[in-house]
Amino acid sequence: MNEAPEMGAREMTAADAQTSRPERPDFPKEVVLGYSEPLVAHAGDRVDLHVSTDAAAYEAELLRLRSAGGRDGLVAEPVPSLELPALIEGRACRSTFGSWVEVGPAREIAALTRFRASIWVFPTLLTAVPQVAMGTMDGSDVSGWQVCIDVHRGVGLRVAGGEGVLEAWSDAPVAERRWTELVVDADAEADTVIFTATSGKASCSEVRSLPLSSIQSGGRLVIGAPQVEPRPVSADGNGCFNGKISNPRIDAGGEVVVDVDLTDALDGWRFRERSRFGHQVELRNAPMAGATGPNWRARSSSFTEAPEEYGAVHLHDDDLEDAGWDAAASVDLPLDMPSGIYAAKLSTSDCTDFVPFFVTGPARPGVDMVLLLPTLTYLAYADEHEILSNPPSFRAFTGLGIEDADLGWRDWYSVDTGLLSLYDVHRDGSSACFASTRRPLVNVRPDYEWCLIHGPHGLAMDLRLTGWLDSAGFTYDVLTDHDLHERGADALEPYRVIVTGAHPEYWTAEMLDALEAHLDRGGRTAYLGGNGLHGVAGIDRGRPHMVEIRRGLGGSRPSSAEPGEVWLTTSREQGGTWRDRGRPSHRVLGVGTAAMGAGSGRGYVRSQRSHQAEFDWVFEGVDGDEIGAGTGFLGGPAAYEFDRTDETLGTPSHAVVLATATGFDEPYYPMLEDFMGSSPEVSDPRSPMVRADMVMMVDEAGGGAFSAGSAAWCGSLTDPNGDPTDVAVVTGNVLRRFAETPLGESPLHGGRG
């Protein structure tokens, strides 16, 4: 693990690689990394720590994280009630990349010696290493057979038995991004193989000799991957299929032995098998189901409307659901464990890793405030290195060339090993749509600085918020997106005010329903971020460690889904953005995403309306009309990704703009979804659309939201010396009033109706 193995993903185009490349830092000599399972735990749960290192041993300590950044850096405290072994023996762990469909095991499959295997394939990236379409060959090449696709040799059959591995190849053409039906007739009595490939109206059939009499078939049919573990990602391929597969079937002795129906999902990862044997069929390592099949006619955009046209699964050789690292230690959380952010601190001679996990529990009596940590957004960005797969996006976002990107060794670790975020693309160029907690989340760390904005993001930014909340004397509980999704409105019922993290971008329908129910009963939300409630997410009921998103086909986005493949399989609903679903954030927060970039930030300037008496309490202790100018890592609280009001998108009439930040320069631009066609305003940072609005929105029942409207807001709560800023004063005034005012009374009038 000193230097992670090369993974050869499509980090950049060939032209980019020749002209520019970010400088690669030195790796620590004794890298140590880990992940926790579960990521979100409840008091009373057991948390396992999965660790990999080249060091002979490493030190471990359990901490509660309080704050990060600022004058004091990382602030953490030991957890005396819980102990880890002071010294743990090190072990280097490897992972199995690449997804597949698994059938069996079954004796009917093991008995195959004379059979017909057929499958439809839609390759998206052919590689130098032959890719397995389907087969039973075991990992030691002792028994079984494989139907393979080779970029040069076409379609082949490999068999293993008493004479070792024997092969026969045809010249049957298999082209990328074209559906082809492959049929392989194997006859052990005649020692012949007939290969047939049909694509459209063209068909090719060839006969080859191959000694099959000694074939010893395995009992497990694996579709799309070799039965080899562990299996890294490689530039030449790792034997896993890249692309879509459909209708895998095996006939033998006049009857159907295997017939997998990929249109009939039993749940998110199990499918029905149509032979009389009813074999078990499971998706492994998180391929993308709900994909258009060879008979898709483009008359439907959802597998729920025309399931018979969606009998395909998209496999990738860099899919990963579970890194499979050994559990090095475990901790049993006491029932009275306080909710909060925790981490296992792992240390070698020259490397320290903070492996985070989040603890939630019952609401404490008398606590009126809860901090909602955006764990779905943490997962969406985890292991992100989009700048390498999309250099033009980095230039547009920052105004810099890719050679200026300051990637740390953790970023390069994710690149080298093949870890992907939901902002990256697979090696075949398709959008990554699944993220798992069961892998090292190398940038979900308290000490991580994101090269895109040269500052904290995600967990590191939210620790700035918790540090300020603690120093300002606030009492609060902690919940996560996962809790809100699982428990719904009941999770929020004990509280008067919800405080969001800095970047709560991805929400499930269940989370939105819970938030709206909270507001409807007179609850309040302090939205201290930007780009919130933007993307549609789904969580698999049977695999809560998995989150799914599907990119839309228009608007601002890092990549696009394929036509017809925007619907989520985890929740059986349309993906993309909530705005496109008719539930824009403007309706509940008053604001929605306006612009994004990594240029200089701006301060907010108070509006004339904010000087009315009903809002004096918001700005008590603030001198002048400008708020936060010159603060934060980008020079102002309005920066990175920020929001504005828009009545056409649902900003209510009772929403009041208290302050606005304007005057942005490049590289801040309006969102593409705000335009119907091309316009000079699309690339104009001085467009009136490029602004950040601070909004107070309280209804007659006293419920509503204060929206800061910027993902950089929490980075401006304190100055470099750790002293509170005007941003902190405004935030504190709002939180105290929201928490102190009983439900049913208006915080605008000090608790009076």
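The coordinates are above.
Summarised in this report is the structure supplied together with it. Please read these numbers as outputs of a predicted model, since none were measured by experiment.

## Some thoughts on a negative patch on the surface
Thought 1: Side chains of E23, D26, D406 and E449 sit close together on the surface and give a patch of like negative charge.
Thought 2: Classification of E449 by relative accessible area gives exposed; the value is 52%.

## As for the pairing of strand 43 (residues 692-698)
Thought 1: Of all seven residues in strand 43, seven are buried; the element is thus mostly enclosed.
Thought 2: Residues A692, M694, M696 and V698 point to one face of strand 43 and D693, V695 and M697 to the other, with burial holding for every one of them.
Thought 3: When strand 43 meets strand 44 (residues 704-707), the two strands line up antiparallel, connected through four bridges. Its bridge partner lying in strand 44, V695 is registered against S707.

## Quick word on the sheet that holds strand 1 (residues 32-37)
Thought 1: With respect to topology, three strands assemble into an open sheet ordered 1-3-23, the strand pairing being antiparallel. Looking along the sheet, the strands with just one partner apiece sit at the ends: strand 1 and strand 23 (327-332). Here the strands of the sheet are splayed against their neighbours by 25 degrees on average, with no regard to which way each runs.
Thought 2: As defined by bridge partners, strand 1 adjoins strand 3 (residues 46-53) across six bridges and the pair is classed as antiparallel. Its bridge partner lying in strand 3, Y35 is registered against H50.

## A short note on the side chain of D383
Thought 1: On the secondary structure map, D383 appears in the loop between helix 3 (375-381) and helix 4 (386-389).
Thought 2: On the accessibility criterion, D383 (0% relative accessible area) is buried.
Thought 3: Within the structure, the side chain of D383 is placed 2.9 Å from the backbone nitrogen of V442, a separation counted as a polar contact.
Thought 4: Excluding residues within four positions of it along the chain, D383 makes contact with S414, L419, L420, S421, D424, R439, P440, L441, V442 and N443.

## Considerations on helix 9 (residues 509-520)
Thought 1: For helix 9, built from 12 residues, the straight-helix expectation of 16 Å at 1.5 Å per residue is met to within 8% by its first-to-last C-alpha distance of 16 Å.
Thought 2: For helix 9, the complete set of buried residues consists of A509, M511, L512, A514, L515, H518 and L519.
Thought 3: Backbone geometry just downstream of helix 9 places G522 in the positive-phi region, at approximately 95 degrees.

## Some details on the pattern of salt bridges
Thought 1: Applying the stated rule across the entire model yields 46 salt bridges.
Thought 2: In this structure, E206 and R208 form a salt bridge, with 2.8 Å as the shortest nitrogen-oxygen distance.
Thought 3: Looking at E206, the relative accessible area reads 16%, which means it is buried.
Thought 4: Notably, a salt bridge pairs R410 with D353, separated by 3.8 Å at the nearest N-O pair. Placement of the pair is R410 in helix 6 (residues 409-417) and D353 in strand 25 (residues 352-360), with a sequence separation of 57 residues. In this pair, the class of R410 matches that of D353, namely buried.

## A look at the sheet that holds strand 34 (residues 546-548)
Thought 1: Here three strands make up an open sheet; going across it, the order is 27-34-33 and the pairing antiparallel. Of all the strands in the sheet, the pair left with one neighbour each is strand 27 (434-436) and strand 33 (538-539).
Thought 2: With two bridges joining them, strand 33 and strand 34 adopt antiparallel strand pairing. Residue I539 lies in a different strand from strand 34, and its bridge partner there is V547.

Conventions and cut-offs
Residues numbered from 1 in each chain as written. Predicted model: local features only at pLDDT ≥ 70, side-chain atom pairs only at ≥ 80, totals over all residues. Heavy atoms only, no water. Patch = residues over 30% accessible without salt bridge, like charges linked within 9 Å, V, L, I, M, F, W, Y side chains within 5 Å. Areas by Shrake-Rupley, 256 points an atom, 1.4 Å probe, with all protein chains shown as cover. Salt bridge = Lys/Arg side-chain N within 4 Å of Asp/Glu carboxyl O. Lys, Arg positive; Asp, Glu negative; His and termini not counted. Charge placed at Lys NZ, Arg CZ, Asp CG, Glu CD. Buried < 20%, exposed > 50% of the residue type's maximum accessible area, 1.4 Å probe, protein only. Helix = DSSP H or I, 4+ residues; strand = E, 2+ residues; numbered from the N terminus. Pairing = 2+ DSSP bridges. Axes fitted to C-alpha atoms, helices over the stretch in contact; angles between N-to-C directions. Polar contact = N/O pair within 3.5 Å; in protein donor to acceptor, adjacent residues only side chain to side chain. Contact = heavy atoms within 4.5 Å. Expected span 1.5 Å × (residues − 1).

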